Amino acid sequence: MRIVDLITKKTAGLALSREEIQYFIDGYTKGNIPDYQASALLMAIFFQDMNDQERADLTMAMVNSGETIDLSAIEGIKVDKHSTGGVGDTTTLVLAPLVAALDIPVAKMSGRGLGHTGGTLDKLESAKGFHLEISKEEFINLVNTNKVAVIGQSGNLTPADKKLYALRDVTGTVNSIPLIASSIMSKKIAAGSDAIVLDVKTGAGAFMKTEEESVELAKAMVRIGNNVGRNTMAVISDMSQPLGYAIGNALEMQEAIDTLRGKGPADLMELSLVLGSQMVMLAKKANSLEDARKILLEVINNGKALEKFRLFLTSQGGDASIIDHPENLPQASYKIEVPAKASGYVRNIIADEVGIAAMWLGAGRATKEDEVDLGVGLILRKKVGDHVEIGESLVTIYANQSEVTKVMEKLYACIEIGEKVPAPKLIYQIITQ
Ligand code: URA
Ligand code: CA
């Protein structure tokens, strides 16, 4: 087989066979195919697309390029939730203990945040001592006994995707549905769950800015999952404004605790219930979505979800006293209000821009090497559709520096006040097989 023939074939709009895709992924991962030929093939895929079979084959070739996690020693149906990335998205912190409280095993792999979106690992580390450097055996034991554990991302998962993603980044081939869908799904499949709930975000803070693109990506991922034997479904949810009120690590930890108490923001609570109900269904622990929602609400109301969170934090070395003593969370030295310059209605809170403002405070990383300041961030005091009086606070800035002019200017620039608009829809569509 010669790579140049595969490039010619794809350029002509023909489908590649499983063997041809395997040859490409193997050769590129091992360094036998140079970047210039791989780039040409990626560009051909970018313009000519791939059919469902090619997408599934590409995904599995990337899965098999490295280590895969074997979760078969964990009893029950393992359901994973994956978000395509958002601002202030605290759902994983809520869902992991919530679903585990129903005896559904949550065996989660987690990474750090980069850019305007936060990472679950950073948020968890706001419980002092929490660590996910645990062995695979310990991880599996913890899930079997507690139903929930989180482990750090293995370095050897889907090396083909790592190499290809870096190449796509510099060749203008990131924004391709078959390439994005196979990239995301390869990582989820290698991580070993039996079933996958995808939270595909849409809007300013999301990878996909329009509903149409988000639906297309969601359908592509759902089809890949189901074609390779993993029960997969997707929820399209709003990321035009941040989710909940809190953006920042310790602030989101507090928000998750409030939500597990049943006292969280309405949108975070609702999205957690929608995603959680789908997870319960895939785990076959309820007969209908209505029943699933009912039993999720039960474990919130009777305190079992919060107790599960306490157990989860403690079992991985984390200080669970933060649940009853929020003062034990990392704190910021300064709280600075951002008063509205006019009266009216909040029309827009551009999510990715708010994420960048939080990053500037130290809540996120501009580069992988940056340190995160766990105590800092933003609390929105208003959401889209809310009325605001001149002088009333729009946002509280939690900072470890008193000089926040740049952050404040950014916030004024991305929060629009004017005529009344309705609150945006939270759930756009549910995509199943
Ligand atoms: N996220 C991924 O993991 N892969 C892509 O290709 C795009 C976003
Ligand atoms: Ca939030």
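As shown above, the structure is provided for reference.
Report follows, based on the coordinates.

Parameters at a glance
- Residues numbered from 1 in each chain as written.
- Chains lettered and ligands numbered in written order.
- Predicted model: local features only at pLDDT ≥ 70, side-chain atom pairs only at ≥ 80, totals over all residues.
- Heavy atoms only, no water.
- Core = buried A, V, L, I, M, F, W, Y, C linked by side-chain atoms within 4.5 Å.
- Buried < 20%, exposed > 50% of the residue type's maximum accessible area, 1.4 Å probe, protein only.
- Helix = DSSP H or I, 4+ residues; strand = E, 2+ residues; numbered from the N terminus.
- Domains from an automatic or database assignment.
- Contact = heavy atoms within 4.5 Å.
- Near = heavy atom within 4 Å.
- Polar contact = N/O pair within 3.5 Å; in protein donor to acceptor, adjacent residues only side chain to side chain.
- Areas by Shrake-Rupley, 256 points an atom, 1.4 Å probe, with all protein chains shown as cover.
- Nonpolar A, V, L, I, M, F, W, Y, C, P; charged D, E, K, R; others polar.
- Donors = N, O, S within 2.8 Å, 3.2 Å for Na, K, Ca; no water.
- Salt bridge = Lys/Arg side-chain N within 4 Å of Asp/Glu carboxyl O.
- 1 Å grid on protein atoms, 1.4 Å probe; cavity = no way out; pocket = protein on both sides within 12 Å on 5 of 7 lines; lining within 4 Å.
- Points joined across faces, edges and corners; volume = space filled by probe spheres on them.
- Pairing = 2+ DSSP bridges.
- Axes fitted to C-alpha atoms, helices over the stretch in contact; angles between N-to-C directions.

Here we come to the nonpolar core. Judged by nonpolar contacts, the single largest core of 89 residues is most densely connected at L98, M253, L313, L378 and I397. Per-element accounting of this core gives the leading share, nine residues, to helix α12 (residues 266-282). Per-domain counts for this core show at least three residues from each of domain 2 (79-324) and domain 3 (331-418). When neighbours within four sequence positions are excluded, M253 is seen to be in contact with L93, K123, L124, S126, A127, F309, L313, I322 and L329. In this structure, I134, A181, I189 and A191 belong to the second largest nonpolar core, which totals 36 residues.

Residues in contact with ligand 1, as listed here, are Y165, R168, I180, S183, I184, K187 and F207. With respect to ligand 1, the side chain of S183 contributes an N or O atom lying 2.6 Å from a nitrogen atom. Protein contacts shield 85% of the accessible area of ligand 1, which totals 240 Å² for the unbound molecule. Among the elements of the structure, α8 (159-169) and α9 (177-190) are those that each provide at least two residues to the shell around ligand 1. Element by element, the count of residues in the shell around ligand 1 is highest for α9, at four residues. Classifying every residue of the shell around ligand 1 gives four nonpolar, one polar and two charged.

The protein atoms that coordinate the calcium ion (ligand 2) are G88 (O), T90 (OG1), L243 (O), A246 (O) and E255 (OE), at distances spanning 2.3 to 2.9 Å. For the calcium ion (ligand 2), the donor residues sit on a single chain with the sequence spacing G-x1-T-x152-L-x2-A-x8-E. For L243, a relative accessible area of 2% puts it in the buried group.

Counted according to the given criterion, the structure contains 24 salt bridges. Notably, a salt bridge pairs R347 with E416, separated by 3.2 Å at the nearest N-O pair. With R347 in strand β8 (residues 344-349) and E416 in strand β12 (residues 415-418), the pair connects residues that are 69 residues apart, well separated along the chain. With a relative accessible area of 31%, R347 lands in the partly exposed category.

Once that is clear, we can look at empty space enclosed by the protein. Counted under the stated rule, the structure contains five cavities of 30 Å³ or more. Looking at the second largest cavity, its volume works out to about 70 Å³. Surrounding the second largest cavity, V79, D80, K81, T92, L95, A96, V106, A107, K108 and M279 form its lining. Partitioned by chemical class, the residues of the lining of the second largest cavity number six nonpolar, one polar and three charged.

Before going further, it helps to examine helix α15 (residues 351-361). Counting buried residues along α15, eight of its 11 residues qualify, which places the element largely inside the surrounding structure. Of all the positions in α15, only A351, D352, V354, G355, A357, A358, M359 and L361 are classed as buried. As for α15, its buried residues are in contact with β6 (246-247), β8, β9 (377-380), β11 (393-399) and α16 (405-414). Just beyond α15, the residue with positive phi is G362, at close to 110°.

Turning our eyes to something else, we now look at the sheet that holds strand β5 (residues 231-238). Read from one edge to the other, the open sheet built from four strands follows the order β1-β4-β5-β13, with strand pairing classed as mixed. A single partner strand is all that each edge strand has here, and the edge strands are β1 (79-83) and β13 (427-431). Within the sheet, the average angular offset between the axes of one strand and its neighbour, ignoring direction, is 15°. Pairing analysis gives five bridges linking β1 to strand β4 (residues 195-202), with the strands arranged parallel. In the sheet register, V79 faces β4, and the bridge partner there is A195. Here α12 sits on the sheet in contact with β1, β4, β5 and β13, set at roughly 155° to β4.

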